[in-house]
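# Structural characterization, general
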Amino acid sequence: VNCSPYVIAAFDALWVPVGPRHRQLMQSNTKYAGWVEKLSGGTFGSKWQRRYMRMTYTGLHYYETDKPNEKPKGYKAFTGSSKLITKMDPVAYPKCADNRFKYLAVTVNEKNEIFFLRTSTEREHNELLDFLREALEKLRLSMVGQDPNPGRWRARLNGLVRESERAKAEAEAAVAREVKARRRRDALREELRKEQGENAFLKTQGDDLDEQEERLRQMLADAKAETEAEAERCKQRVAAAAEARERVIERQASVRTEIEQTKENTARLRAEVQQLQCLLVDKTEERRVAEQQHRAVTSRWHRAEERTPAASAKRNRRQEGLAYHPPSASKAADATARQLYADAEDTAGDTNDAAAIGG
C-alpha cells in the first residue's frame, strides 16, 4: 500500500511509548506573547516589520500593538509537517545577514511557506526557539495521539495492510467486473438505441400510413359526396331538359297551329285582297262612268242654267251664301238637276272609298 508521508509519520509516532514528557506536553498551556520582527513578503521580502505576536501550538497571530482587543494583521498556522530553521546562510538569505540580530524561521500553512523571524537579544531568541520546539512537538502529538501499547497498533497496521491488499484485489476485480458490465451496458444501450431508432422509424412510418389512409378515406368520402351531388344535379338537369322538351313540343305544336292559322289568314287575306282588287277595278270603272255621267250632268246643268232666266241670279246668290229657292216656274227642271247632281256625288264618294280600301 502506498501511504503519504504524513500517514507514515503518524504511525511512527504511535510506536513511541507514552511517558512523562507526553503527559507534560498535553497538560501544559503552551502560549507565547511578545514583540518579534518578521520579514514581510516571504523569502525575498522587502523589509522587516516589528509586530506583537501571540502564539499557541496551532499557530500565531501578529498585531501592530499589544492591545488586548486589537484585530490581528495576519495569521500563520502550524501543521504536522512544520519545521524549525535555526541556521541561516547569508548567501541564500541576504535579508538575514545582519549580525546585530538573532534569526530563525518556521514553515507554516499547508504549502510549508517559510516565515522568517528575528530578535534583538539572545534571551528572546532562546525563549522563542524553545516555545516553537515545544509547540510543534505538542501539535504532532495532539494530531496522532498516543497509546500505552504500540505493538497493538503495529499488529493492527499489519492487519489493515492485509485487508487493504485484499480490498485492493477485490476492488480491482470489481473494477474489472464494472468495466465488463459497463461494456455490456454500453452494448445493450447501443442495441436499445438502435431498437428505439427502428421503433421510432416504424412508428413514424405507421403514423405516415395512418395519415395517408385517413387522407384517402377523406378523399373517397369527398369523391362520393361529389358524385352524389353531381348525380343529383344530373337528375335535375334531365328533369329540366324533359320539361324544356315538353315546352318545346308544346311550343312547336302552338307554332304549327299559329302557322296554319297564319296560312289560312294569309289565304283569306289574299282572297279578300283579290276581291278588293276586283272591287277596286269595278269601283274604278264605276267612278269613271260616274265621272263621265257627272261631267255630262254638269254640262247639261250649265246648259240648263244658261237657258234659264234666273240662272244668273241664282249663281250670284249662291256665291253670296244665300239659300237657294228656285222659282216655281222652273221647279221641274231644278228637281231634275238636283237629282242628277246627287247621283253624281254619290258615285264619286263610292269611287273614292273603293280607292282608299284598295290603297
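### Some points on the nonpolar core
Within the largest apolar cluster, 19 residues are counted, with the highest numbers of intra-cluster contacts made by Met53, Met55, Phe78, Phe115, Leu117 and Leu128. Elements with a minimum of two residues in this core: β1 (31-39), β2 (48-56), β3 (59-63), β6 (102-108), β7 (113-119) and α3 (122-144). Broken down by element, this core gets its largest block of residues, seven residues, from α3. Apart from residues lying up to four places away in sequence, Leu117 is in contact with Val36, Glu37, Lys38, Trp48, Met53, Met55, Lys102, Tyr103, Leu104 and Leu128. Counting nine residues, the second largest nonpolar core, distinct from the first, contains Trp48, Cys96, Tyr103 and Ala105.

### Description of the side chain of Lys76
Counting through the fold element by element, Lys76 comes out in strand β4 (residues 74-77). The residues touching Lys76, leaving out its near neighbours within four places in the chain, are Gly59, Leu60, Tyr62, Val108, Asn109, Glu113 and Phe115.

### Quick word on the sheet that holds β6
The strands that make up a sheet are held in pairs by hydrogen bonds between backbone atoms, and each pair lies either parallel or antiparallel. Judged by pairing direction, the sheet is antiparallel, and its seven strands sit side by side in the order β4-β3-β2-β1-β7-β6-β5 without closing on themselves. Single-partner strands in this sheet number two, and they are β4 and β5 (84-85). Here two bridges tie β1 to β7, and the two strands are oriented antiparallel to one another. Bridged to Lys38 within β7 is Leu117.

### Some remarks on unusual backbone geometry
Phi at Asn109 takes a positive value of approximately 65°, unusual for a residue other than glycine. Structurally, Asn109 can be placed in the loop between β6 and β7.

### Some details on the confidence of the model for the chain
Overall, the prediction assigns the chain a mean pLDDT of 80, with 73% of residues at 70 or greater. The model gives residues 322-329 a pLDDT under 50, and that stretch makes nine contacts with residues more than four places away or in other chains.

Parameters and conventions
Residues numbered from 1 in each chain as written. Predicted model: local features only at pLDDT ≥ 70, side-chain atom pairs only at ≥ 80, totals over all residues. Heavy atoms only, no water. Core = buried A, V, L, I, M, F, W, Y, C linked by side-chain atoms within 4.5 Å. Buried < 20%, exposed > 50% of the residue type's maximum accessible area, 1.4 Å probe, protein only. Helix = DSSP H or I, 4+ residues; strand = E, 2+ residues; numbered from the N terminus. Contact = heavy atoms within 4.5 Å. Pairing = 2+ DSSP bridges. pLDDT = per-residue confidence, 0-100.

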